[in-house]
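These are the residues of each chain, in order.
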Amino acid sequence: MIGFATPWLLAGLALVAVPIVLHLVPRRDPPERAFPAMQYLEDATRRAPHRLHLRHLLLLASRVLLVVALVLAAAGLTWRGPVPWGGHAPIALAVIVDNSASSAAVQDGAPVLTVLRDAAREVLGAATPADRTWLMLADGVARAGTPAMLAAQLDSLAPRPERLALGSAIARARDLATASGRRAVVVVLTDAQQSAIDDTREADGVIVARVAAPAPRNAGIITLAPLDQPWSSSGGRVATDIVASDTQAVPLQLTLAGRGVVREALARPGSAALLSLPAPVAGWQVLHAELAADEFRLDDRREAAVRVAPPPGVAWTPGTRWLDAAFAVLVAEGRVRTGQEVAFDAIGRAGSIVLPPEDAARVGALNRALLSRGVAVQFGPRLATPVVTDSGALLPGEIAVTMRHALQLPPEGVEVLATAGGQPWIVRDGTTVIVASRVEPEWTALPVSAAFVPLLDVLVRRASGTAGALPDAVIGTPMTLPPLATAVVGPTGRVGLERGAPWVPRAIGVHWVLAGTDTIAGLAVTLDPRESDLARADARTLATRLPGAEVVTTAEAVAAMRSAAGGGDLRPLLLALAALCLLLEAWLAAPRGGVR
Amino acid sequence: MARLGGLDVTTAGIVEGFLAGQHRSPRRGFSVEFAEHRAYQPGDEPRYIDWKLLARTDRLHVKQYEEETNLRAMLVVDASASMGWRGAPERLTKLDYAARLAAALGLLLLRQRDATGLVTFDDTVRSITPARAAGRHFALLAERLAALQPGKGTAAAPALTQVVAALRRRGMVVFISDLLLDRALTMKALRFLRHRGHEVLVLHIADPGELELAPGEETRFRDPESGRTVTLAPAEWATEYRRTVDGVVRAWGTACRAAGIRYVLVPTDLPFGTALGRALAS
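Rules of the game
- Residues numbered from 1 in each chain as written.
- Chains lettered and ligands numbered in written order.
- Predicted model: local features only at pLDDT ≥ 70, side-chain atom pairs only at ≥ 80, totals over all residues.
- Heavy atoms only, no water.
- Helix = DSSP H or I, 4+ residues; strand = E, 2+ residues; numbered from the N terminus.
- Buried < 20%, exposed > 50% of the residue type's maximum accessible area, 1.4 Å probe, protein only.
- Contact = heavy atoms within 4.5 Å.
- Pairing = 2+ DSSP bridges.
- Axes fitted to C-alpha atoms, helices over the stretch in contact; angles between N-to-C directions.
- Phe/Tyr/Trp six-rings, centres within 6.5 Å; stacked < 30°, edge-to-face > 60°.
- Lys NZ or Arg CZ within 6 Å of the ring centre and 35° of its normal.
- Salt bridge = Lys/Arg side-chain N within 4 Å of Asp/Glu carboxyl O.
- 1 Å grid on protein atoms, 1.4 Å probe; cavity = no way out; pocket = protein on both sides within 12 Å on 5 of 7 lines; lining within 4 Å.
- Points joined across faces, edges and corners; volume = space filled by probe spheres on them.
- Nonpolar A, V, L, I, M, F, W, Y, C, P; charged D, E, K, R; others polar.
- Buried area = accessible area lost by both parts, 1.4 Å probe.
- Polar contact = N/O pair within 3.5 Å; in protein donor to acceptor, adjacent residues only side chain to side chain.
- Core = buried A, V, L, I, M, F, W, Y, C linked by side-chain atoms within 4.5 Å.
- pLDDT = per-residue confidence, 0-100.

Caption draft 1: Spatial organisation of the overall build of chain B. Helices and strands together make up the secondary structure of chain B, namely nine helices and ten strands. Here chain B, with 282 residues, has 49% of them falling under the buried criterion. Pairs at least 24 residues apart make up 72% of the contacts formed inside chain B by residues separated by at least 6 positions.

Encoded structure:
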């Protein structure tokens, strides 16, 4: 029924011993004075010993009560129920407003964020200036300030495209509030998006105020992937994936910059679609996809970067069965042509795909040739220990590697495209791609695997400098850009890069990766696909995922916060009691009452 | 004069000041009365020979006269140890105050040709000065009063009993004391005096420091007579003490009134003129 804001201050109750000890311990030897009217004194003390004893007891009680009242006030004694004078003992209040992308969904004519923001204002309004308060948003940053300052920040609050992992945000807020030493109260205002509650977290003392209404219907684009980049002049294909609250097909419109609408189709949610598009002009292009507007607009549009370039010319020495067959396929598909732009198993004038020599004695000569070409990568000793390739973007599966050379890389400037046995196996230094094994079955199973032809296509593109767009990046998620990248240009402007440092995308849309003034890659920054699933967790699910949390609706948030704040603040009562004790003590200790 | 410590001068000033405010003659009732005959002895003044008796009896007798006053008064002064106390250095001790008051009363009475005597006592009777009306008697009284020093305990009853013996005829007894004594025993003696027809006046000498406890830190109070101690904080007991003192004063007043005795409380910060006025008020 009672609680304390700062219970450790209860140690101050030991001060109660002071008046008791003063009362009990004999005082110093008093001065002596001759006084003839002794019988008057004796009569007086004989007549009122009980009254004096009572006064001394009252004096002791008032002093003890004074100490107790002050210590309890300092410890922030609270009463669970309401008190007539309102208020609560100082608490540490962390308010989490889930303004992640899903809060932009419109419900009953207004964004969900409006409901969350109003509830947050009420919660902060119920806080007192004595409280320590923080406001945490989807960016995960805890902002400290007075309730009024934080409420003012809510005025400019807008949905953020980042995803808020509710469990970890709650854990951080609890740690923050608990560290203050006061009663910690964490209020989470959220649309309770099911996908945001990704793990189970202890949430004692946490109030989860959720939007009780069911989520609005939504259809969103979660995949827009131009395939087989770069596209040739004959066009290319696009894979799309739509997620929706139901299975009803939705109209999808694809637009290429400079070409207008190039394709309209009906997309069926839950099943990937493969659409062919006509060829745009050569160079980097932006592909737009858009669905009909619904209550959640952020995932109704999506962009992708597309590289359009003619097939590179490759020079290789025919005679190797596996290699000949692979290039034949690529030529037939229009992915490459015979030419001098990329030299395979040789160091050419432009791009090169360099394999180790069959004769180990020629490795030194090859290394010297690489150095003279400005390539810092060197072939090391030949290794006959069988390993397998590690799973990666270029080689998803495991490929056996029987023989390879150790690759010696410079500290920076080299992109590792594939590894085997944890060591670099295929690397790129500028337009030179170096493979640590020869593409022969005696060296590796790659030539006889299904991954060989696509890998060869990619390697030729890398060597020719006509690689397609980088994989999509999710907003807010750090990613590593190519080693030569010096800046990124996106919808919000240009961002310089420290070499080797990860880049955190902060805006949705196509970004161009620059190396100096050259555009070396393009990529699309997208919404986290989980944000498109607006399905909300019910109270039971929330209680299961956040054990110990009090799950309420946004309308009940303030009442729950007041209750969790420990109810009524008894400090005014205690201070009044202390003042009363002080007056009583002064009255008792006055000349008529005596001071001992 | 020096022997009297200036008491006679002080007293004369007090009395003159007091009389200046009175409207009655201090010399009323003056007369000389024949006391008895005594056989003539060589050396007797011839003028005192009763010639008429000589003519009738043919024997020489001299007339013996007694100076008669209209009052015989006895001042009974308490000189116990408690009387030697004063609550503040700027005040007189109760004994000094009582001595001056007694001297003033004595001078006043003597000027009225009232025979005035003095009894001083502490735990026993220390001195008895028979009542005389002669003007020079004051010097003796003043000398005795000036020589008073605080004694030991207090035993008023024997002193008052001595007064009975000293005052054969009806007279006036002025009992000057701080009354820190056995009230029942003292009242019994006073009532006896009253029963013998004496007019009794009790002057209760009290230092203001006895009437009210001065505030201050906790103190061990010691009775100079008995040596008993009480330790207390004056501030705590001020009210109760004042109530007790009031009760004591009231009790003395009531008991005295019931016995036909006049009782006057005389704080030692009271001007002597005022004190005399209260004492002699009818």
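Caption draft 2: Layout of the pairing of strand β9 (residues 229–232) of chain B. Residue and element names in this part refer to chain B. Burial along β9 is one-sided: V230 and L232 are buried, while T229 and T231, pointing the other way, are not. The sheet contact formed by strand β8 (residues 219–222) and β9 spans four bridges and is antiparallel. Among the inter-strand pairings, R220 is bridged to a residue of β9, identified as T231. Two successive antiparallel strands, β8 and β9, enclose a turn made up of six residues, where G227 displays a positive phi of approximately 80 degrees.

Caption draft 3: Broad picture of the sheet that holds strand β1 (residues 2–4) of chain A. All names here are of chain A. The sheet built from three strands is open, its strands ordered β1-β3-β35 with antiparallel pairing. Each having just a single partner strand, β1 and β35 (568–569) make up the two edges of the open sheet. Here β1 runs beside strand β3 (residues 77–79); their pairing, made up of three bridges, is antiparallel. Each residue of the ladder has a partner; that of F4, found in β3, is L77.

Caption draft 4: Fine view of the sheet that holds strand β2 (residues 32–34) of chain A. With respect to topology, three strands assemble into an open sheet ordered β2(A)-β8(B)-β9(B), the strand pairing being mixed. Only two strands of the sheet have a single neighbouring strand rather than two, namely β2 of chain A together with β9 of chain B. Along the sheet, successive strands turn relative to each other by an average axial angle of 30 degrees, direction set aside.

Caption draft 5: Expanded view of the packing of aromatic side chains. Per the stated rule, a full pass over the model turns up nine aromatic pairs over all chains. Following the ring pairs from residue to residue traces out a cluster consisting of F35 and Y40 of chain A together with W85, F221 and Y241 of chain B. Stacked on the ring of W322 of chain A, the Lys or Arg R321 of chain A has its end atom at 4.1 Å from the ring centre. In this arrangement the basic side chain of R183 of chain B is found over the ring face of W252 of chain B, its NZ or CZ atom lying 5.9 Å from the centre.

Caption draft 6: Up close: the pattern of salt bridges. Under the definition given, this model contains 31 salt bridges over all chains. E42 of chain A is the salt-bridge partner of R228 of chain B, the closest N and O atoms lying 2.7 Å from each other. Of this pair, R228 of chain B sits in the loop between β8 and β9 while E42 of chain A sits in helix α2 (residues 38–47), each in a different chain. On the basis of relative accessibility, which here comes to 17%, the residue E42 of chain A falls in the buried class. The partner of R63 of chain A in a salt bridge is E585 of chain A, with the nearest N and O atoms 2.6 Å apart.

Caption draft 7: Expanded view of empty space enclosed by the protein. In this structure the tally under the stated criterion is two cavities of 30 Å³ or more. Taken as a whole, the largest cavity spans an internal volume of roughly 50 Å³. Forming the walls of the largest cavity are F344, I353, L355, I426, V435, V439, L446, F452, L455, L456 and L459 of chain A. In terms of residue count, helix α9 (residues 452–464) of chain A provides more of the lining of the largest cavity than any other element does, four residues in total. In terms of residue class, the lining of the largest cavity is built from eleven nonpolar, no polar and no charged. Here the second largest cavity defines a volume of roughly 30 Å³. Around the second largest cavity, the lining residues are Y40 of chain A together with D178, L180, H204, A206, E210 and L211 of chain B. Within the residue set of the lining of the second largest cavity, elements represented by two or more residues are β7 (199–206) and α7 (208–211) of chain B. Residues belonging to the lining of the second largest cavity are distributed by class as follows: four nonpolar, one polar and two charged.

Caption draft 8: Region of the structure containing the interface of chain A and chain B. Chain A puts 31 residues into the contact, and the matching count from chain B is 34 residues. Counting the surface lost from both chain A and chain B, the interface buries some 3,200 Å², and carbon and sulfur atoms represent 57% of this. Of all residues in chain A, R33, P36 and Y40 of chain A bury the most surface against chain B, accounting for 24% of the area lost on that side. Our count for the chain A to chain B interface comes out at three salt bridges. Seen at the junction of chain A and chain B, the total is seven residue pairs in polar contact (both at pLDDT 80 or more). Elements supplying a minimum of two residues to the side of chain A that touches chain B: β2, α2 and α3 (49–74) of chain A. Of the residues forming the side of chain A that touches chain B, the biggest block, nine residues, is contributed by α2 of chain A. For the side of chain A that touches chain B, the residue count by class is 14 nonpolar, five polar and twelve charged. Direction of pairing for β2 of chain A relative to β8 of chain B: parallel, over a ladder of three bridges. For A34 of chain A, the partnering residue across the bridge sits in β8 of chain B and is R222 of chain B.

Caption draft 9: Here's a closer look at the nonpolar core. Core analysis: the biggest nonpolar cluster contains 45 residues, and V76, F175, L190 and V202 of chain B have the highest contact counts within it. The leading source of residues in this core is helix α8 (residues 234–258) of chain B, at seven residues. Not counting residues up to four positions away in its chain, the partners in contact with F175 of chain B are V76, F121, A156, L160, L181, T186, L190, L201, V202 and L203 of chain B. Grouped together as the second largest cluster of nonpolar side chains are 43 residues, A326, V387, W425 and L459 of chain A included.

Caption draft 10: Region of interest: the confidence of the model for chain A. Residues and elements named next belong to chain A. Here chain A averages 86 in pLDDT, while 95% of its residues score no lower than 70. In the model of chain A, β35 stands out as the element of lowest mean pLDDT, 72, in contrast to strand β25 (residues 404–408), which has the highest, 95. Confidence drops under a pLDDT of 50 for residues 592–596, and excluding neighbours within four residues, the segment shows 22 contacts in the predicted structure.

Caption draft 11: Broad picture of the environment of L298 of chain A. Residues and elements named next belong to chain A. By the secondary structure assignment, L298 is in the loop between β16 (283–291) and β17 (301–308). A relative accessible area of 34% means that L298 is categorised as partly exposed. Linking L298 and P159, residues 139 residues apart in sequence, is a C-alpha distance of 9.8 Å. Discounting chain neighbours no more than four positions away, the residues touching L298 are A101, A104 and L527.

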